[in-house]
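Architecture and fold: a report
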Amino acid sequence: MELPELVYGDNYGLIKAMKLVEAVFDSSSPSVYNLCQLGHGLKKRFYNIEPLLDKFTMPVCAKCPTGCCVNSHGFPDFEDLIFFKSIGLSWLKYDMSKPEHGLCQFLGPIGCSLPRFNRSYRCTWYFCNSLLDTFEKIDNKSFMLFDEQLYRMGLARNSLIDMFKHLL
Ligand code: SF4
Ligand code: SF4
């Protein structure tokens, strides 16, 4: 089953999606407990990968003349809502009157103001080619480890989403 696609600017679609996610998590299905377990497992993976992500992105992104944090990137997919709910987060407010390609509303003076697990997943895995090349050249061993961890995070996220779909 296809999950709804969320589009930046469509507030009605976002609210509808949030209600659908809430309905599943508020149901009496015993699988909701398993969903939360998977979500917390994934959150742990975010913590585990954080040092490598910081080591890898901070020196390069801090000096980047263009940056890539725009409102549409910080906006969640339906799958992100599932994860947020599974770890008990409250919904964030997304001000969609701000321009889609303007600087992200969550960007603070020293970078993103959100904890990694509360950002859209695309924020976690988006790396421009120049960033990837730099990391691979500087520290190939860490890069391989990072790549492996990111892959495992993707698998864990897929398990969460698949289980959610079975409850729809
Ligand atoms: S990922 Fe690439 S484009 Fe985005 S801020 Fe970092 S260096 Fe710049
Ligand atoms: S990393 Fe943070 S500031 Fe950058 S696009 Fe994502 S939510 Fe916005």
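Residues numbered from 1 in each chain as written. Chains lettered and ligands numbered in written order. Predicted model: local features only at pLDDT ≥ 70, side-chain atom pairs only at ≥ 80, totals over all residues.

Right, let's talk about the site of ligand 1 for a bit. In the vicinity of ligand 1, the contacting residues are Val60, Cys61, Cys64, Thr66, Gly67, Cys68, Phe127, Cys128 and Leu131. For the shell around ligand 1, the class distribution of residues is seven nonpolar, two polar and no charged. (Near = placed C-beta within 6 Å. Nonpolar A, V, L, I, M, F, W, Y, C, P; charged D, E, K, R; others polar.)

Further remarks concern the site of ligand 2. Around ligand 2 lies a shell formed by Cys69, His73, Gly74, Cys104, Phe106, Leu107, Cys112, Leu114, Arg119 and Cys123. When grouped by side-chain class, the residues that make up the shell around ligand 2 number seven nonpolar, two polar and one charged.

All right, on to the environment of Thr66 then. You can see Thr66 is positioned in the loop between helix 2 (31-61) and helix 3 (71-74). On a C-alpha basis, the gap between Thr66 and Asn129 in space is 14 Å, while along the polypeptide they are 63 residues apart. (Helix = DSSP H or I, 4+ residues; strand = E, 2+ residues; numbered from the N terminus.)

The next point concerns helix 4 (residues 78-86). Within helix 4, seven of the nine residues are buried, which leaves the element mostly enclosed by the surrounding structure. Turning to helix 4, its buried residues are Asp80, Leu81, Ile82, Phe83, Phe84, Lys85 and Ser86. Elements that come into contact with the buried residues of helix 4 comprise helix 1 (11-25), helix 2, helix 5 (121-125) and helix 7 (140-167). Looking at the residues trailing helix 4, positive phi occurs at Gly88, about 80 degrees. (Buried ≥ 20, exposed ≤ 12 C-beta atoms within 10 Å, placed from the backbone. Contact = placed C-beta atoms within 7 Å.)

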